[in-house]
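Single-letter residue listing:
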Amino acid sequence: MWPVEAFLASLTGASAHTRKAYESDLRQFVAWAERGGAAGPEAVDHLVLRRYLAYLTTRGMARPTIARKAAALRKFFGWLRRRGLVEGDPTRNLRTPKGERRLPKVPKAAEVAALLDATAPTDTEGVEAAVALRDAAVLEVLYGAGLRISELCGLGPSDVDGRAGMVTVLGKRSKIRRVPLGEAAIAAIGAYLDGGRTNLSGPLTPPDALFLNRRGRRLTPRDARRITERRLLSDGRAISPHSLRHAYATHLLEGGADLRAVQELLGHADVATTQLYTHLTKDRLRAVSDATHPRA
């Protein structure tokens, strides 16, 4: 028997999207394994898993997809071993193809500036005015501080120090860092706190939530994505919260910022992650050189 349902039920801290992905990947593996005669996980060894990954490769599946399916198997068999349902973990030392790291498409500084200017609040009143002030502040903070979407949604009013021009951020692995905020972001937050947050708040509003949705609850990552998805660059391209984070890092490096400093600002544990942006800036500088230098 394959205790897939029990495994999925154990993922209490995972999102619905994650559980759905695990279920799909595991059901696919179980169907394949049963066709090969494996009646349950105890019949699966390291060789069987290697054959499965090879099978996925022959089907033309992309390497990042195969790596994701292998991660689901690791999670599943790790849970089985801890429960004593299998003697060992056949996924141990299982090698999977690493997907090619795609460089993100980063909007230019002028494009982001035009986008932010176009988001300036209008003369609307009430809730609509509050939403406009909130949206402007959200976009300014995403680009002005390079925050992850979860970090933005987790901010509280006390995390913003307007006088010092700093914001205190709770990042991954519960690491706290302080990030500078530019004048535009500080002004946008101030305008939202003065004339927006009060109109959105209600009896269920958490006092420690800076950004609120229309129901007066803490802004969720889905809410924040909708805010960015409604905005388009001048050429019609859509943006995401993470594309503004990419733009923040890239534009800092293009302006001469030190790589280690950008690493700290982004909250990266490994500088190798930040080095991705050096490739972006080099590519852009090469394009400028090729287009403008007389002997390029």
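Residues numbered from 1 in each chain as written. Predicted model: local features only at pLDDT ≥ 70, side-chain atom pairs only at ≥ 80, totals over all residues. Heavy atoms only, no water.

Enquirer: Could you clarify how one ought to interpret the packing of helix H2 (residues 16-35) against helix H4 (residues 63-82) in this entry?
Expert: Running from N to C, H2 and H4 cross one another at 85°; their axes reach a closest spacing of 9 Å. Viewed along their axes, H2 and H4 adopt a mutual orientation that is roughly perpendicular. Residue-level contacts link Tyr-22, Asp-25, Leu-26, Gln-28 and Phe-29 of H2 to Arg-68, Lys-69, Ala-71, Ala-72, Leu-73, Lys-75, Phe-76 and Phe-77 of H4. Considered class by class, the residues forming the contact of H2 with H4 number 8 nonpolar, 1 polar and 4 charged. (Axes fitted to C-alpha atoms, helices over the stretch in contact; angles between N-to-C directions. Helix = DSSP H or I, 4+ residues; strand = E, 2+ residues; numbered from the N terminus. Parallel < 35°, antiparallel > 145°, perpendicular 65-115°, else oblique. Contact = heavy atoms within 4.5 Å. Nonpolar A, V, L, I, M, F, W, Y, C, P; charged D, E, K, R; others polar.)

Enquirer: Help me understand the environment of Val-141, please; the structure alone is not making it clear to me.
Expert: Tracing the backbone shows Val-141 in helix H6 (residues 126-145). In the structure, Val-141 is positioned 26 residues away from Val-167 in sequence and 9.4 Å away in space, judged by C-alpha atoms. Apart from the residues lying within four places of it in its own chain, the contact partners of Val-141 are Gly-146, Leu-147, Leu-152, Leu-155, Ala-185, Ile-189 and Phe-211.

Enquirer: What is the right way to look at the pattern of salt bridges in this model?
Expert: Side-chain pairs of opposite charge can arise where the charged atoms are in close proximity. On inspection of all chains with the given rule, the structure shows 13 salt bridges. Among the ionic pairs, Glu-111 bridges to Arg-237, the shortest N-O distance being 3.0 Å. Pair noted here: Glu-111 is in helix H5 (residues 109-118) and Arg-237 is in the loop between helix H10 (221-229) and helix H11 (241-254), with a separation of 126 residues, a long-range link. You can call Glu-111 buried: its relative accessible area is 17%. One salt bridge in this structure joins Glu-128 and Arg-214, with 2.9 Å as the shortest N-O distance. In this pair, Glu-128 sits in helix H6 while Arg-214 sits in the loop between helix H9 (197-200) and H10, placing the two residues 86 residues apart along the sequence. Of the residues examined, Glu-128 reaches a relative accessible area of 43% and is grouped as partly exposed. Because the salt bridges share partners, they merge into one network encompassing Arg-134, Asp-135, Arg-230 and Arg-231. (Salt bridge = Lys/Arg side-chain N within 4 Å of Asp/Glu carboxyl O. Buried < 20%, exposed > 50% of the residue type's maximum accessible area, 1.4 Å probe, protein only.)

Enquirer: Would you take a moment to explain H6 for this structure?
Expert: Residues that lie three or four places apart on an α-helix share one face, since the helix turns once every 3.6 residues. End to end, H6 covers 28 Å across 20 residues, agreeing with the expected 28 Å (1.5 Å per residue, within 8%). For H6, the buried fraction is high: 16 of the 20 residues fall into the buried class. Two residues or fewer past H6, Gly-146 is found with a positive phi of approximately 65°. (Expected span 1.5 Å × (residues − 1).)

Enquirer: Explain the sheet that holds strand E2 (residues 166-170) here, please?
Expert: Hydrogen bonds along the backbone pair up the strands of a sheet, which may run parallel or antiparallel. In space, the 3 strands of this open sheet follow the order E1-E2-E3, with antiparallel pairing throughout. The open sheet terminates on both sides in strands that have one partner only, identified here as strand E1 (160-161) and strand E3 (176-180). (Pairing = 2+ DSSP bridges.)

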